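# A structural walkthrough
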Amino acid sequence: PWTTLSFRQILDTPYLKIRCEQVAVPNGPIIPDYYIIENRGWVGIVPVTEDGHFLINKQYKHGIGCEVLEFPAGGIDAHEDDPLITARRELMEETGYSFDDNQVELLAHMHANPTGAKTRIWWYLVRNVCKTGNQKVDPVEVIENLLITPKELLQLIHEGSFAGQGQIAAAYLALERLGLITTTF
């Protein structure tokens, strides 16, 4: 492993921290400015309705300057010690849908960008989601909810309209877990 020789905090906010490390690489150079992004992580939810439709969001993302199609997802708040609490909150905030405890399962635990970020992601598959409330989105969010079939989800992925890398991985894992696609080795 690399050895951290020193570090300094560049940014320290409730949502994002960035530090700059000086690191020694085994049998190699010293890197004077290796940047690491830190946050509490985030949670993604793959919601499926009782009739087998996927619930996705259409939402503007300023980082890339356009609207995207994606599953509901969001950052873990400081008081949330269990990612499942975040999953329940984010699904309700972004869609007005909820789920019973026996309808949720961990789909995957991922790292967003292990090269330059300490960001962990928890993905949950939630079956039989029901509309039980209204969206409670942040003031800066405008989210349109869409119900799509598994076939439509695959079409969106293959045409590049559903294009977040973790989102695609979660979609394929969910389709496999639901028995809608199979893998052969």
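To start, this report covers the structure provided alongside it. These figures come from a predicted structure and were not determined experimentally. (Residues numbered from 1 in each chain as written. Predicted model: local features only at pLDDT ≥ 70, side-chain atom pairs only at ≥ 80, totals over all residues. Heavy atoms only, no water.)

Here we come to the environment of Gly96. Along the chain, Gly96 falls in the loop between α1 (83-95) and β8 (97-98). Accessibility expressed as a relative area gives 0% for Gly96, which makes it buried. Taking the C-alpha atoms as reference points, Gly96 and Val137, 41 residues apart in sequence, are found 9.5 Å from one another. Beyond its immediate chain neighbours, meaning those up to four positions away, Gly96 contacts Leu91, Cys130, Lys131, Thr132, Gly133, Asn134 and Gln135. (Helix = DSSP H or I, 4+ residues; strand = E, 2+ residues; numbered from the N terminus. Buried < 20%, exposed > 50% of the residue type's maximum accessible area, 1.4 Å probe, protein only. Contact = heavy atoms within 4.5 Å.)

Sheet topology places strand β1 (residues 3-12) next to strand β2 (residues 17-24); eight bridges connect them, and they run antiparallel. Along β2, the bridge assignment pairs Phe7 with Glu21. Between β1 and β2, which follow one another and run antiparallel, lie four residues. In terms of strand pairing, β2 meets strand β3 (residues 30-38) through seven bridges, oriented antiparallel. Directly across from Ile18, in β3, lies its bridge partner Ile37. A loop of five residues connects β2 with β3, the two strands running antiparallel in sequence, and Asn27 in this loop sits at a positive phi of about 55°. (Pairing = 2+ DSSP bridges.)

What the rule picks out here adds up to 12 salt bridges. Here Asp12 and Lys17 are joined by a salt bridge, their closest N and O atoms 2.6 Å apart. Here Asp12 falls in the exposed class, since its relative accessible area comes to 53%. With a closest N to O distance of 2.5 Å, Glu80 and Arg89 form a salt bridge. In this structure Glu80 comes out as buried when scored by relative accessible area, which is 7%. (Salt bridge = Lys/Arg side-chain N within 4 Å of Asp/Glu carboxyl O.)

Another aspect to go through is the nonpolar core. Val46, Phe54, Phe71, Trp123, Leu153 and Phe162 are the most contacted members of the largest nonpolar core, which totals 21 residues. Listed by contribution, the elements that provide at least two residues to this core are β4 (42-49), β5 (54-61), β9 (104-111), β11 (120-131), α2 (150-159) and α3 (165-177). At four residues, the largest contribution of residues to this core is made by α3. Aside from chain neighbours lying at most four places away, what touches Val46 is Phe54, Phe71, Leu107, Trp123, Tyr124, Leu125, Val126, Ala170 and Ala174. Counting 13 residues, the second largest nonpolar core, distinct from the first, contains Val43, Leu55, Ala87 and Tyr124. (Core = buried A, V, L, I, M, F, W, Y, C linked by side-chain atoms within 4.5 Å.)

Within the fold, Leu107 resides in strand β9. Once you skip the residues sitting within four places of it in the chain, Leu107 turns out to touch Val46, Trp123, Tyr124, Leu125, Ala170, Leu173, Ala174 and Arg177.

Attention shifts here to the sheet that holds β1. The strand order across the open sheet built from four strands is β1-β2-β3-β10, with neighbouring strands paired in mixed fashion. Both edges of this open sheet fall to β1 and β10 (117-118), since each of them pairs with a single strand only.

Two elements in contact, α2 and α3, have axes separated by 11 Å at closest approach and are oriented at 150°. What the angle tells us is that α2 and α3 run roughly antiparallel. In this structure, the crossing between α2 and α3 has a hand that is left-handed. The residues of α3 that touch α2, namely those facing Pro150, Leu153, Leu154, Ile157 and His158, are Ile168, Ala171, Tyr172 and Leu175. Grouping the constituent residues of the contact of α2 with α3 by class yields eight nonpolar, one polar and no charged. (Axes fitted to C-alpha atoms, helices over the stretch in contact; angles between N-to-C directions. Parallel < 35°, antiparallel > 145°, perpendicular 65-115°, else oblique. Left-handed = near helix turned anticlockwise from the far one by under 90°. Nonpolar A, V, L, I, M, F, W, Y, C, P; charged D, E, K, R; others polar.)

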